[in-house]
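Observations on chain architecture
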Amino acid sequence: MTKIEKSERLKKLPPYLFVEIDKAKKRARDEGRDIIDLGVGDPDIPTPRFIIDAMNKAMRDPKTHRYALDQGMPEFRQAVAAWFKKRFNVVLNPENEIQPLIGSKEGIAHIPLAFVNPGDVVLVPDPCYPPYRSGTIFAEGEVLQMPLLEKNHFLPDLKAINHSILHKARMMFLNYPNNPTSATCDKKFFKDVVEFARKHNIIVCHDAAYSELAFDGFKPPSIFEVEGAKDVAIEFHSLSKTFNMTGWRIGFACGSPQLIEGLAKIKANIDSGVFSAIQMAAIVAMEKYDSHIRSLLKVYEERRDVLIEGLNAIGWNAQKPKATFYVWTKVPHRYTSATFAQALLEKADIIATPGNGFGAHGEGYIRMALTVDKRRIREAVDRIKKRLA
Ligand SMILES: *Cc1c(COP(=O)(O)O)cnc(C)c1O
């Protein structure tokens, strides 16, 4: 058979850095070892019963079985607008400022296709969620990394961006609360970003997937709480983490009508919308947000405290994250991210994600997800203490 060549854009994707750990993980599981998996950012808690009930009911209505409208159900967009007003005190027009997505990852990966020309520069944080890079590469854009450094509280330093290439910059990705660093930002940061973007004519893509997972009373802002943001920004929201619905695939983009229109045009040529029954279940989810979110946050907050207090009691210096379900912390001195992840797995049967997998500036860090119960988190700390000391 002739050799089938991959496209240049596929060949350009950065190497997948989790290969070794994935292999080791599979080996450990095949050996029947008792693995504690702090690796995946996927909630272990099931979707709430009231959402499943709404889905069940919606599925029985044959009207939901046909192609959904590309722009989504008007009722879904109205529910998003109502939730957004209540949560952020921001008014969105359901007619042209909201686009349902088949999970926010889908919209994030597609947005560069709508606005980035070959050779255009896209500003991408490092470390980051991988689709910012791959989406840019698929659109033949050039990735310019913005280092997220601890000394800057894991916020990009806008003043440090090379001015000689700023005129080629077309788009910027941001993500707060942040995966993997668990950093948060305030409204002042968004204000600086919007000013910067307006000055240099850059589209801001803000990934707000963790906007609802924040602790100790903190409520992360939307970029649209800043005046003028709608001229330059699009924000990506997800029901995945907020409602334990990662497998359902539903989220939405909102913001500038021009940006929404461009993304919608790409999508109209690729997919055919979100299953209407899922949209109907999502409407119920958003309507009952208030009564659901408190109990969810209590679970993660407790797990966070067990892990951080446990690690610090055995001599680590880990900070309590204000948001997300990740703990991002430096690896002990004699290790790299990769060798520490390997030691955790081989000696303690614990899976965690090496920071360099999210970009070069993640080197020296490890990410642990709070997606196992607190008894298992205690067990993990105990194993680290006994087997890795
Ligand atoms: C989980 C996650 C998403 C959400 O993805 P969905 O496609 O909505 O499930 C988006 N961004 C980041 C940074 C994430 O970690």
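Check the entry above for the structure.
Computed from a predicted model, the values in this text were never measured in an experiment.

**What about the sheet that holds strand β4 (residues 142–147)?**
Across the sheet, which stays open at both edges, the seven strands sit in the order β2-β8-β7-β6-β5-β3-β4 with mixed pairing between neighbours. Of all the strands in the sheet, the pair left with one neighbour each is β2 (98–101) and β4. Averaged over all adjacent pairs, the angle separating strand axes in this sheet is 20°, with direction ignored. The sheet contact formed by strand β3 (residues 121–126) and β4 spans six bridges and is parallel. Following the sheet pairing, D126 is matched in β4 by P147.

**Observations concerning the pattern of salt bridges**
Counting across every chain of the model gives 32 salt bridges. A salt bridge links R9 to E140; its shortest N-O distance comes to 3.5 Å. Taken together, the positions of R9 in helix α1 (residues 8–11) and E140 in the loop between α6 (131–138) and β4 put the pair 131 residues apart, joining distant regions of the chain. By relative accessible area, which is 35% here, E140 ends up partly exposed. We note a salt bridge from D305 to R304, for which the minimum N-O separation is 3.0 Å. Within the structure, one salt-bridge network assembled from shared partners comprises E31, R33, E346, D349 and R387.

**Things to note about the site of the ligand**
The ligand sits among 14 residues. The nearest are D207, S238, S240, K241 and R249. R249 places a side-chain nitrogen or oxygen 2.6 Å from an oxygen atom of the ligand.

Rules used throughout
- Residues numbered from 1 in each chain as written.
- Predicted model: local features only at pLDDT ≥ 70, side-chain atom pairs only at ≥ 80, totals over all residues.
- Heavy atoms only, no water.
- Pairing = 2+ DSSP bridges.
- Helix = DSSP H or I, 4+ residues; strand = E, 2+ residues; numbered from the N terminus.
- Axes fitted to C-alpha atoms, helices over the stretch in contact; angles between N-to-C directions.
- Salt bridge = Lys/Arg side-chain N within 4 Å of Asp/Glu carboxyl O.
- Buried < 20%, exposed > 50% of the residue type's maximum accessible area, 1.4 Å probe, protein only.
- Near = heavy atom within 4 Å.
- Polar contact = N/O pair within 3.5 Å; in protein donor to acceptor, adjacent residues only side chain to side chain.

From the geometry alone we can't say anything about function, so treat these as descriptive.
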